[in-house]
Every structure is written in structure tokens, then in C-alpha cells.
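# A look at the structure
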Amino acid sequence: MKPDDKLNKREQPRPMFYLWIVMGVIILGAIFVPFFTGQGTKPEAASLPGVVDAIEAGEIEKIIVRGDEIIATKTDGTTLTARKEANISAIEALQFIGTSPEVLRELPIVVEETGPGMFGYLSVLLTLAPILFIGFLIFIAARQMRGGGVGNFPNQFGRSNARVMSNTAEQGVFQRPVVTFQDVAGAEQAKLELQEVVEFLSEPDKFLKLGARVPKGVLMAGAPGTGKTLLAKAVAGEAGVPFFNISGSEFVEMFVGVGASRVRDLFKRAKEQSPAVIFIDEIDAVGRQRGIGLGGGNDEREQTLNQILVEMDGFDTDTNIILIAATNRPDVLDPALLRPGRFDRKVILDRPDVEAREAILKVHTRGKPIAPHVSLANLAKLTPGFVGADLENLVNEAAILAARRNLTLIGQQEFQDAIERIVAGPERKGKILTDEERRVVAFHEAGHAVVMHNVEEGDPVHKVSIVSRGMALGYTMPLPENDKYLRSKEAFESEIVGLLGGRAAEELVFKRITTGAANDLERATKLARAMVTRYGFSEVLGLRTFGEEQGNPYLGSLGETRDYSEEIAERIDSEIQGILHKSYQKAKDILAKQHDKLESLAEALLERETIDRPQFEALMA
Ligand code: ADP
Ligand code: MG
Ligand code: ZN
């Protein structure tokens with residue numbers, strides 16, 4: 001998506017540019033014009049009586065009057081110049097000195113227009129300069145108020161900032177790589193649903209003949225980075241129509257009413273180029289339920305939203321425009337946006353599963369120098385929870401690592417290091433721990449690993465390390481065998497026990513506990529709470545759920561509204577504490593039984609720093 005931005009068509013030629021040209025021309029003119037209008041050969045200076053004498057002597061052929069200068073051309077071609085006083089005419093002056101009227105009558109006298117001269121031009125410029133300067137300041141100020149806009153003239157506040165990208169390759173001027181469904185990997189279901197939209201855009205008649213009401217709006221929902229923007233572009237690319245791209249937050253700017261007029265303008269321009277795709281990113285910025293009043297400034301948002309709805313309703317049956325909106329918060333959208341005839345198609349983009357991840361990796365490694373032994377299937381297994389954007393980033397990080405290692409091909413090792421870097425943060429170089437602290441970290445991590453290995457339904461341990469990364473002093477990386485859609489109560493319990501294994505090992509070995517377990521405890525508490533309040537796993541509190549989650553659980557939540565009594569709240573708290581306590585006992589029991597394994601793993605970590613899966617399994621056997 002990034003390379004396209006450069007090719008976006010600029011809406012307006014840059015006004016700054018014109019301003020500079022105009023100023024430049026004026027300045028150059030002021031400097032050079034006087035030189036060019038000046039006389040060619042330097043004339044001989046003379047006094048006025050001298051000129052009169054020459055006239056009387058019949059030596060003068062013609063007289064030119066230019067301002068206060070009297071230029072007399074002699075019959076032999078030379079010229080005499082004299083100055084007269086400013087307030088009398090040349091003829092008066094000549095007569096006054098004593099030229100006879102008869103001679104004057106015979107003599108051709110040409111009066112020339114005079115230019116303003118160098119000082120004249122300069123004074124015009126000096127008068128104009130402050131005006132130009134003030135105009136310039138106003139222009140800059142207006143631009144800033146628009147929020148550092150794209151460079152539109154100030155009288156175009158209401159114009160939409162939509163960037164149009166033509167997907168049709170033949171529109172030569174701003175050619176860009178065409179994004180098609182081929183570039184979107186893994187999202188088969190979504191592509192299938194959008195195929196219909198593509199067909200409508202490319203052959204609308206087929207649908208209209210049968211009287212079918214064609215879709216107007218498609219809402220794409222999915223976690224950030226799952227490819228919503230990419231897919232919207234691909235729809236336009238497949239159909240070969242222009243793509244208008246605007247973000248919801250761009251509608252909401254400083255001046256009231258701007259949003260609505262931008263919407264009008266955007267639709268007008270799209271209609272001119274129909275068939276077309278209009279893509280509204282982050283529609284939740286304008287499309288939140290009206291009247292909820294989160295964060296003020298609702299009037300503007302409501303007007304903008306209303307304008308979008310009005311425009312959508314105003315589509316004629318033959319307006320071949322499809323609106324695609326994207327959001328990662330479909331739950332907060334105004335119901336009016338979602339009713340039939342508006343954004344009534346909903347396409348959900350899931351986090352990619354193992355096969356989809358492999359396909360996405362394939363797309364992004366295309367054309368890159370990948371070592372032949374790299375297994376994308378393997379990498380896909382190592383990256384549960386990664387979305388398309390993460391995988392793209394992974395390939396890029398691996399390429400950077402390979403370059404820094406002066407390799408010609410990107411190898412499996414680079415990919416694996418890149419995964420770790422993304423999951424756990426960059427490695428921290430240099431000695432940051434004392435020897436005593438290192439021992440504590442080694443036993444802490446060994447505790448996690450040994451417990452995880454010994455609980456039922458635990459995930460296999462992929463890697464244990466005491467190399468500090470990001471915020472963590474060490475880490476134990478479990479790796480689920482396959483993507484899980486259903487999790488059992490036992491799996492939850494085992495995960496909590498595994499999380500508490502670090503603290504348990506510290507207590508058991510050193511009889512002294514540290515702050516190293518803070519993050520483990522937080523995560524364990526969250527899991528225990530979810531068991532009680534969301535999944536009905538607690539025997540004491542039963543099946544009912546507690547607290548209404550605002551927001552979709554896997555798209556991120558806004559918080560919780562409490563729908564239970566004070567008394568229940570106490571019971572929930574004590575139940576959570578009970579689960580944590582029981583799990584901690586279990587972790588300690590496991591470690592007490594496996595003390596020798598804990599010891600040998602910790603020693604191995606102190607020696608080698610990182611233990612991978614085969615080494616770990618050999619130690620546990
Ligand atoms: P979203 O709009 O959902 O936040 P984007 O469409 O901007 O995500 O995706 C970001 C980048 O991630 C894309 O430019 C693309 O390179 C990559 N990506 C995401 N999903 C996919 C996919 N299914 N196939 C290939 N690349 C993908
Ligand atoms: Mg996006
Ligand atoms: Zn820990």
C-alpha cells in the first residue's frame with residue numbers, strides 16, 4: 001500500500017509555486033526593464049542655448065522630446081542633448097531662448113512617452129511588496145487552519161481530500177501497480193463475498209436487467225492489519241475502476257460543516273468517474289452511534305454521517321458506485337449505517353489461520369532472494385496470531401537481518417530471529433544483570449518451562465531463553481501445535497499454572513521472591529477473571545456471565561459495564577483468588593517433584609542462554 005501513496009494524484013497544482021513565479025517576474029522586471037528602454041548610443045551633452053544655436057544654424061534635422069530631455073539629431077547623424085525645466089514645454093523653452101518660430105515650424109518635433117525609469121519601477125514594487133506579503137501570510141494561516149492540508153486554495157475548504165487512484169493501467173499518467181485479488185492471500189471467504197461486488201462494477205447491466213437491487217455499501221470489519229485496505233483496493237483493481245480513498249477522521253476537522261461538504265464533493269467527483277469505488281477508512285470516526293456523546297464535537301460528526309446517508313440514499317439505480325467502509329470497531333457503528341440499502345454487506349476479515357499465513361508469506365516473499373531450505377509452512381506454524389501486516393513486517397525484518405549479516409539469501413535463521421524480535425522485542429545487548437540476578441532469571445524461566453511441560457493440555461515449549469528482550473529479562477515461548485478455536489477449561493487452568501511456574505520456582509529455590517513475576521501475575525489474573533465472568537467455568541458462580549463487555553471480545557474492548565450486585569462482586573473476587581491460589585499450589589507441587597529437571601534446565605540456561613525445543617525435550621526425557 002505504501003508505494004501507491006506516492007502516485008496519488010495531486011488535486012491542485014501547488015499555489016505556492018505560482019506565487020513565487022509572479023513575485024520573481026515582478027522583481028526581475030523592475031531590475032531589467034529600465035536598462036532595455038534606455039537609449040542606445042550615448043549622446044553629446046549640450047546646453048539649451050547650444051541646441052538653439054545649432055537649430056538656427058540649420059544643422060538640426062529632427063528633435064525628440066523625452067521627459068525633460070531635448071534630443072536634437074544633427075544632419076551628420078550625431079545628437080545633442082539638453083535639459084529643459086520641468087514645468088514648460090519644449091517648444092516654449094526653445095522659443096524662449098530665441099529660436100525663431102519659422103524655423104521651429106519647419107523642424108519635426110517628436111514627443112516620446114517616458115517610462116517610469118528605474119526608480120519608478122522600484123517604487124511600484126515597494127508599494128506592492130507589503131500587499132503581497134500580507135496576502136502570503138493570510139494564505140499560510142489559512143492552510144494551517146485546514147490542518148496542514150494537501151495544498152488546496154483556501155477557498156476550497158469544503159473539498160474532499162480524497163485521493164483518487166486509478167486502477168486502470170491504461171490511464172497512463174499516474175500508472176501504478178494494480179492490486180488484485182491475487183495480492184490478497186488467505187482471505188478466501190472475503191474474496192468470495194466481494195466477487196459479486198466486482199461483477200457489479202464491471203458488468204452492471206447483467207444485474208439491472210433482472211431488476212436486482214445492487215449492493216451500495218460493504219462494511220469490512222477486522223482487526224488492524226488483516227488487509228481491509230488492501231482488499232478494498234483489490235476490488236477496484238479487479239473491476240478496473242478508480243478508487244477514491246478517504247479516512248473517516250479526515251472528515252472531522254476544525255470547521256463545522258466542512259465534513260458534510262467534503263462528503264458532497266467526494267460523491268460528486270466519484271459520480272463523474274463512475275463506475276468507481278469509494279473507500280472510507282476508519283468509518284467509526286464518523287459513524288459512531290449518534291447521541292452517545294463520546295468525546296464531544298458530535299454535531300459535526302452527526303452532520304457528516306447524515307450527509308453520507310443522504311448521498312447513499314440518493315444513488316440512482318444506474319449509479320455504479322460502491323462504498324466500502326472499514327472499521328475495527330463494527331460494534332460501535334450507528335445502526336442507521338447498517339440497515340438494508342446502506343452498508344448491508346458485511347465482510348469479516350479473520351486473523352489468518354496456518355494455511356492463510358503460509359499463503360500470505362508466499363505473497364510477500366515473492367521476488368525476494370529466499371534460501372531454498374526456508375520452509376514457509378514451518379514459519380506459518382511459528383507465527384500463531386500474526387495478521388497480514390505482521391507477516392509482511394516479518395519478511396521485511398528477516399531481509400534486514402540478512403543484509404546486516406552480509407548474506408545474499410534470506411535464510412531460515414533470519415526468519416526465526418525476526419519472529420523472536422517481533423514477539424519479544426529486540427535483544428538487549430550488553431550485561432544488564434548481575435550474576436545473582438541471572439541465576440534468579442534462569443530458575444524463573446526454567447520454572448515456567450518445566451511446569452508447562454508437565455501440565456495436562458499444555459502447549460509444547462518452543463524456546464526458553466534468558467537473553468533480555470524488550471521489557472522481559474527472559475522468556476519462555478510456548479507454541480500451540482495448531483490454531484485453536486475451542487479451548488477447554490483444563491487448558492485455561494494449565495495456562496495459569498504455567499504462568500505461575502516462574503514465581504513458584506523462585507520461592508522453592510531461593511526462598512525469596514522478586515518482582516520478576518509481575519507480568520505473569522497480571523496475565524494469570526486476567527485469565528482467571530475470564531474463566532469466572534465470561535466462560536462459566538466456575539462451579540460456585542455458575543453459568544451466568546458477569547459484566548457486559550462493550551466491544552467485540554477479539555477486536556478489543558472498551559471496558560465493562562457492571563450488571564451484578566456488590567455481593568456477587570465479592571464472590572467473583574474470591575473465586576478468582578481461589579483459582580490463582582490452587583494453580584500456584586499445583587505449580588509448586590510439580591516443581592517439587594521435578595526438582596532435578598528444574599535444576600539441570602536452569603544450569604543449561606546459565607551456560608547456553610537459549611535452549612530450543614529439541615534440546616529442551618532431551619533434557620526433560
Ligand atoms: P488494515 O487496513 O486491515 O489495517 P491493510 O490492508 O492496511 O490492513 O494491511 C496492511 C498490509 O498488510 C498490507 O499492505 C499487506 O501488505 C499486508 N497484508 C494484510 N493482509 C494481507 C493478506 N491477506 N495478503 C497479503 N498481504 C496482506
Ligand atoms: Mg487500513
Ligand atoms: Zn515469568
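A few points on the structure. The structure displayed is predicted, hence computed values, not measured ones. (Residues numbered from 1 in each chain as written. Chains lettered and ligands numbered in written order. Predicted model: local features only at pLDDT ≥ 70, side-chain atom pairs only at ≥ 80, totals over all residues. Heavy atoms only, no water.)

### With respect to the site of ligand 1
Rules: Consider each residue's heavy atoms; a residue with any of them within 4 Å of a molecule or strand counts as near. Here a polar contact is taken to be a pair of N or O atoms separated by no more than 3.5 Å, where protein atoms must pair a possible hydrogen donor with a possible acceptor and residues adjacent in sequence count only if both atoms sit in side chains. Per-residue and other accessible areas follow the Shrake-Rupley method at a 1.4 Å probe size, with only the shown protein chains counted as cover for residues.
Ala 185, Gly 225, Lys 228, Thr 229 and His 364 are the nearest of the 16 residues found near ligand 1. The separation between an oxygen atom of ligand 1 and a polar main-chain atom of Thr 226 is 3.4 Å. In this structure, an oxygen atom belonging to ligand 1 sits 3.1 Å away from a side-chain N or O atom of Glu 392. Contact with the protein chains removes 90% of the 560 Å² of surface that ligand 1 exposes when unbound.

### Structural notes on the sheet that holds strand S16 (residues 610-612)
Under the convention used in this document: Pairs of strands are assigned from DSSP output, requiring at least two bridges between the strands. In this description a helix means any DSSP run of H or I spanning at least four residues, a strand means any run of E spanning at least two, and both kinds are numbered starting from the N terminus. Every angle, taken between N-to-C directions, lies between 0 and 180 degrees, and every axis is a line fitted to C-alpha atoms, over only the stretch in contact when it is a helix. Whether two residues are in contact is decided by their heavy atoms, any of which lying within 4.5 Å being enough.
Pairing is antiparallel in the open sheet, where three strands are placed in the order S13-S12-S16. At either end of the open sheet lies a strand with only one pairing partner, and these are strand S13 (475-478) and S16. Between one strand axis and the next, the sheet turns through 10° on average, direction left out of account. Where strand S12 (residues 461-465) and S16 come together, three bridges link them in antiparallel fashion. Each bridged residue has a counterpart across the sheet, and for Lys 463 the counterpart in S16 is Asp 612. Sitting on the sheet, helix H19 (residues 435-454) is in contact with S12 and S13, with an inclination near 20° to S13. Packing against the sheet, helix H23 (residues 595-608) makes contact with S12 and S16, and its axis sits at approximately 120° to S16.

### Points about the coordination of the zinc ion (ligand 3)
Definition in use: Water is absent from the atoms considered, so a metal site may look incomplete; donors are defined as N, O and S atoms within 2.8 Å of the metal, or 3.2 Å for Na, K and Ca. Exposure classes here rest on a 1.4 Å probe applied to the protein chains alone. A residue is buried below 20% of its type maximum, exposed above 50%, and partly exposed in between.
Bound to the zinc ion (ligand 3) on the protein side are His 444 (NE2), His 448 (NE2) and Asp 520 (OD), at distances that span 2.0 to 2.1 Å. In the primary structure, the donors to the zinc ion (ligand 3) are separated according to the pattern H-x3-H-x71-D. Note that His 444 and His 448 are positioned in helix H19 at a spacing of four residues, about one turn of the helix. Take His 444: its relative accessible area is 5%, and that puts it in the buried class. The class of His 448 is buried, set by a relative accessible area of 5%.

### Digging into the side chain of Thr 327
With respect to the helices and strands, the residue Thr 327 is situated in strand S10 (residues 321-327). Here Thr 327 falls in the buried class, since its relative accessible area comes to 2%. For Thr 327, the side chain forms a polar contact with the side chain of Asp 284, separated by 2.8 Å. Within the local environment of Thr 327, its side chain forms a polar contact with the backbone nitrogen of Arg 329, the two atoms lying 2.8 Å apart.

### A word on the nonpolar core
Soluble globular proteins tend to bury their nonpolar side chains together. Note the following rule: Buried Ala, Val, Leu, Ile, Met, Phe, Trp, Tyr and Cys residues that are joined via side-chain atoms within 4.5 Å together make up what is termed a nonpolar core.
Counting residues in each nonpolar core, the largest one holds 47 residues, and the members touching the most others are Val 451, Ile 496, Ile 572, Leu 591, Leu 601, Leu 605 and Phe 616. Secondary structure elements with two or more residues in this core: H19, S12, helix H20 (489-510), helix H21 (518-533), helix H22 (566-593), H23 and helix H24 (613-620). Residue contributions to this core peak at 10 residues, all from H22. For Leu 605, the contacting residues outside a window of four places in its chain are Ala 442, Glu 445, Ala 446, Val 464, Ser 465, Ile 466 and Ile 611. Counting 29 residues, the second-largest nonpolar core is a separate cluster that includes Val 214, Val 218, Met 220 and Ala 236.

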